[in-house]
Amino acid sequence: MGLKTFPGGVHPHDSKEFSKDAAIEDLPIPKKVVIPLSQHIGAPAKPLVKVGDEVKTGQKIAEPGGFVSIPMHASISGKITKIADFPHPTGITSLAIEITGDGKDDWIELYEEDNFLELTADEIKNRISEAGICGMGGAGFPTLVKISPPTEKPIDTVILNGVECEPFLTADYRLMLEKADEIIWGLKLLMKTVDAQNGIIGIEANKPDVIKKMKELTATEQNIRVVGLKLKYPQGAEKQLIYAATKRKVPNKGGLPMDVNVVVQNVGTAFAVYEAVRYKKPLVERIVTVSGSIVKVPKNLKTRIGTKFEELLEFCNGTTEDIGKVISGGPMMGFAIPNLEAPVAKGSSGLLLFNKKQAHRQKENTCIRCGSCVDVCPMNLVPSLIAKNVRYEDWEMTEKYGVMDCIKCGSCAYVCPSNIKLIQWIDIGKMKISEKNRS
Amino acid sequence: MIIVYSVATLGILGLIYGLGLAYASRKFHVEVDPKIEKITEILPQANCGACGYPGCSAYAEAIVNNGVDINKCAPGGSAVLGQISKIMGVEATATERKVALIHCQSGGSNNTFFRYKYEGIPTCKAAVQLSNGPNLCNYGCVFQNDCLEACNFDAIHLDENGMRIIDKEKCTSCGACVKACPRDLIELVPVKKRVHVLCSSQDKGAVARPACGNKTACIGCGLCVKKCPVDAITLNNNLAVINYEKCINCGQCADVCPTAAIFDPLKEVRAKKKAEAKAKAEAAKKKVEAAKQKAAEDKE
């Protein structure tokens, strides 16, 4: 069977061999967690607790700050010790709630639904909303908003994103291998909420064992398909995945998947949805890949939200060399962070560490107009021209060249033979244009 | 023969077009006030935009046609103002000359503490995006030279420590650097004012002071606010701010500032004078005492 894909893209070495075979391990319950109030796209959550309050694991400690927002839950039991600015996995500092654990990990009462597949769509949505689930692939868009499209845009297909095209990351891979049944149940629940007839699970070709397993498990399902996708970056970007799996093109200039009747969810999200619906269990833990060239024992860890990165690294026996660079997320789209004090958030899929030599970036040279960036751009933009216009602050032309359609995958900067940091220039352009459009 | 023909044809064509152009220039003549041209020539032609108009000629037009104030050209200063006022026959007082001032004395890129090494694109706009900027202070200069590049008058330089220094003589207060700085560190201040707060940190003292490479962060203690005789200083978000309209250049705030965040070039001179006066007084006192003692001894 021919593998499906999209035009453009690059082929970085997938580097998954470091942590591919490490089964998911439970990280010991941390003594202290820091839960940022903004782990998602949209309004930050509003705290419901005050300093000194006792909380149980899974207790709601912050409510949504608007429609596009999610609640937050305590990930360990203990006492609220601080509500202040803390480091955030994106590198900034933001308001967060610190909980000092009592070591008991005393859960709120969980629940078990036997016929969870028979629940009504509204009840499923309600439980997803209560559990505080947002997209777990990285961007962190609130799941409830994604599955509540306006009535004029019906959804017929739910795509599960099991591509994991970022090098090094293996969290989704391990999850699909170990919790395949649960993920398929999660997909069924998601399909029910939006009344979709088709379900697609998109998996990249470098995970043949998962493709095989998923195909076996869905062999009897009429409406669920498993699609093998070509090994290419950014295969897991929403629009590229939709095109590869369904040949539908999401319109440019602010188009959303719902415009082509599709919803895309990460496999981690599907697993969280399953747990939320069946056990009413809030999203308080996730799988994080700890990897990179200098980690002694790369691992996939089941980690409570809010655990500091340094504890994850400690559990992996530290590093073999001095740390040169720390990345939260994948190496292509993740955030370089200055230290290991930031906590795991709902969207943190990985913690990657590299040595000083790998961290060093080459000096920028002039553009030689080779067009490599144009060839690889999955959105059919001209990255070199956008970057040039940003450099000379011509915002009108920047916008005209479609800077807002950029998905910031970084393919252009990856191939540039002149080491131009195209994505950083384009990012400034995006920021300026959205500032301009807002005012 | 062919030469004659071609010369004649071209000559006739030239004559026809010439007449056409002459007619058009009469018929479609646009009245341009000669004052506009004159004023445009006088203006410094830097097209810096400090007057609020797109370029010098646009400002000249606005003066002549719309009667806009003639004192808006900051780079031109009083010389240009005098010439324009002659042409326009309007009296105008020069606005107070201002210069740009950087509210940060981080110690320069050689002395500041960094949380990481920035190797991204060389612009401040990008550097402040990445984890609140490479230096430990969340409010200070990030050393990528956006202000230097924005300056049309070569008035901003680097000193040997990598600090940005503004040349007061060359600065025309056009405000280009003020707009360029993503951290809003630069302000236009009256050139006559001598005492400035050289810090923009809104962090509390315990955070701000160790983060500053020069250890001269404003810690928001409020001593200057209490000391100021004319109530010109206010404390906003742990940061002292001087109201230049009220400030009388006395420098008492700089004297009491425990971290030297408030800078006064005369502070040392004043301190020296004070010390000298004190020494003198003490010497005089000793003399008197010695004399008394001597007198007492003599009596004995």
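Residues numbered from 1 in each chain as written. Chains lettered and ligands numbered in written order. Predicted model: local features only at pLDDT ≥ 70, side-chain atom pairs only at ≥ 80, totals over all residues. Heavy atoms only, no water.

Caption draft 1: Structural view of the sheet that holds strand β11 (residues 224–229) of chain A. All names here are of chain A. If you trace the four strands from one edge of the open sheet to the other, you get β11-β10-β9-β12, paired in parallel fashion. Since the sheet does not close on itself, it has two edges, and those belong to β11 and β12 (262–266), each with one partner. Shown here is a sheet whose adjacent strand axes are inclined to one another by a mean of 25 degrees, direction ignored. Inspection of the sheet shows strand β9 (residues 157–162) paired to strand β10 (residues 198–204) by six bridges, in the parallel sense. When the sheet's bridge partners are listed, Thr157 is paired in β10 with Asn198. (Pairing = 2+ DSSP bridges. Helix = DSSP H or I, 4+ residues; strand = E, 2+ residues; numbered from the N terminus. Axes fitted to C-alpha atoms, helices over the stretch in contact; angles between N-to-C directions.)

Caption draft 2: Representation of the packing of aromatic side chains in the model. Residue and element names in this part refer to chain A. Here the structure, examined in full by the defined rule, presents nine aromatic pairs over all chains. Between Tyr274 and Tyr279, the ring centres sit 6.1 Å apart and the planes meet at 85 degrees, which makes this aromatic pair edge-to-face. Ring pairing ties together the aromatic residues Phe116, Trp185, Phe271, Tyr274 and Tyr279, which thus form one cluster. One cation-aromatic arrangement involves Lys232 over Phe6; the distance from NZ or CZ to the ring centre is 4.7 Å. Over the ring of Phe315 we find Lys299; its NZ or CZ atom is 4.4 Å from the centre of that ring. (Phe/Tyr/Trp six-rings, centres within 6.5 Å; stacked < 30°, edge-to-face > 60°. Lys NZ or Arg CZ within 6 Å of the ring centre and 35° of its normal.)

Caption draft 3: The arrangement of helix α3 (residues 56–66) of chain B in detail. Residue and element names in this part refer to chain B. Among the residues of α3, those classed as buried are Cys56, Tyr59, Ala60, Ala62, Ile63 and Val64. Against the buried residues of α3 lie α2 (34–42) and α4 (77–88). Directly after α3, the chain includes Gly67, whose backbone phi takes a positive value near 65 degrees. (Buried < 20%, exposed > 50% of the residue type's maximum accessible area, 1.4 Å probe, protein only. Contact = heavy atoms within 4.5 Å.)

Caption draft 4: Focus on unusual backbone geometry. In this chain, A:Tyr233 is followed by A:Pro234 through a cis amide linkage whose omega measures -5 degrees. With respect to the helices, strands and loops of the structure, A:Pro234 is situated in the loop between β11 and α6 (238–246). In this model, A:Lys280 sits at a positive phi of 55 degrees, which is unusual for a non-glycine residue. Its place among the elements puts A:Lys280 in the loop between α7 (267–279) and β13 (285–291). Assessed through its relative accessible area of 41%, A:Lys280 is described here as partly exposed. The phi angle at B:Asn47 is positive, at roughly 50 degrees, despite the residue not being glycine.

Caption draft 5: Structural detail: the packing of α2(B) against α3(B). Residue and element names in this part refer to chain B. Close contact between α2 and α3 brings their axes to 8 Å; oriented N to C, the two are set at 135 degrees. Classified by the angle between their axes, α2 and α3 sit oblique to one another. In this structure, α2 crosses over α3, and the sense of that crossing is right-handed. Here α2 contributes Lys35, Ile36, Ile39 and Thr40 to the contact with α3, which in turn contributes Ser57, Ala60, Glu61, Ile63, Val64 and Asn65. (Parallel < 35°, antiparallel > 145°, perpendicular 65-115°, else oblique. Left-handed = near helix turned anticlockwise from the far one by under 90°.)

Caption draft 6: The arrangement of the domain arrangement of chain A in detail. Residues and elements named next belong to chain A. Taken as a whole, chain A is organised into domain 1 (111–279) and domain 2 (372–438). Here domain 1 and domain 2 have C-alpha centroids that lie 29 Å from each other. Counting from both sides, the interface comprises eight residues of domain 1 and, opposite them, six residues of domain 2. Contact between domain 1 and domain 2 buries roughly 630 Å² in total, counting both sides, with carbon and sulfur atoms accounting for 46%. If you sort the residues of domain 1 by the area they bury against domain 2, Tyr233, Gln240 and Asn252 come out on top, with a joint share of 52%. Seen at the junction of domain 1 and domain 2, the total is zero salt bridges. Linking domain 1 with domain 2 are three residue pairs in polar contact (both at pLDDT 80 or more). Here the side of domain 1 that touches domain 2 is built from residues that sort into three nonpolar, three polar and two charged. (Domains from an automatic or database assignment. Buried area = accessible area lost by both parts, 1.4 Å probe. Salt bridge = Lys/Arg side-chain N within 4 Å of Asp/Glu carboxyl O. Polar contact = N/O pair within 3.5 Å; in protein donor to acceptor, adjacent residues only side chain to side chain. Nonpolar A, V, L, I, M, F, W, Y, C, P; charged D, E, K, R; others polar.)

Caption draft 7: Region of the structure containing the pairing of strand β2 (residues 32–36) of chain A. Residue and element names in this part refer to chain A. Here β2 lies mainly inside the structure; four of its five residues are buried. As defined by bridge partners, β2 adjoins strand β8 (residues 93–101) across five bridges and the pair is classed as antiparallel. Across the sheet, Pro36 pairs through a bridge with Ala96, a residue of β8.

Caption draft 8: Spatial organisation of helix α4 (residues 180–194) of chain A. All names here are of chain A. With 15 residues, α4 should cover 21 Å at 1.5 Å per step; its first-to-last C-alpha distance of 22 Å lies within 8% of that length. Of the residues making up α4, those classed as buried are Ala180, Glu182, Ile183, Ile184, Gly186, Leu187, Leu189, Leu190, Met191, Thr193 and Val194. The positive-phi residue at the C-terminal boundary of α4 is Asp195, with phi of around 60 degrees. (Expected span 1.5 Å × (residues − 1).)

Caption draft 9: The arrangement of the nonpolar core in detail. A:Ile183, A:Ile201 and A:Met214 are the most contacted members of the largest nonpolar core, which totals 45 residues. If you list the elements that add at least two residues to this core, you get α1 (121–131), β9, α3 (171–178), α4, β10, α5 (208–217), β11 and α7 of chain A. Those residues within four positions of A:Ile201 in sequence are excluded, and the remaining contacts are A:Leu160, A:Ile184, A:Leu187, A:Met214, A:Ile224, A:Arg225, A:Val226 and A:Val227. Of all hydrophobic cores here, the second largest spans 40 residues; its members include B:Leu185, B:Cys199, B:Ala217 and B:Ile233. (Core = buried A, V, L, I, M, F, W, Y, C linked by side-chain atoms within 4.5 Å.)

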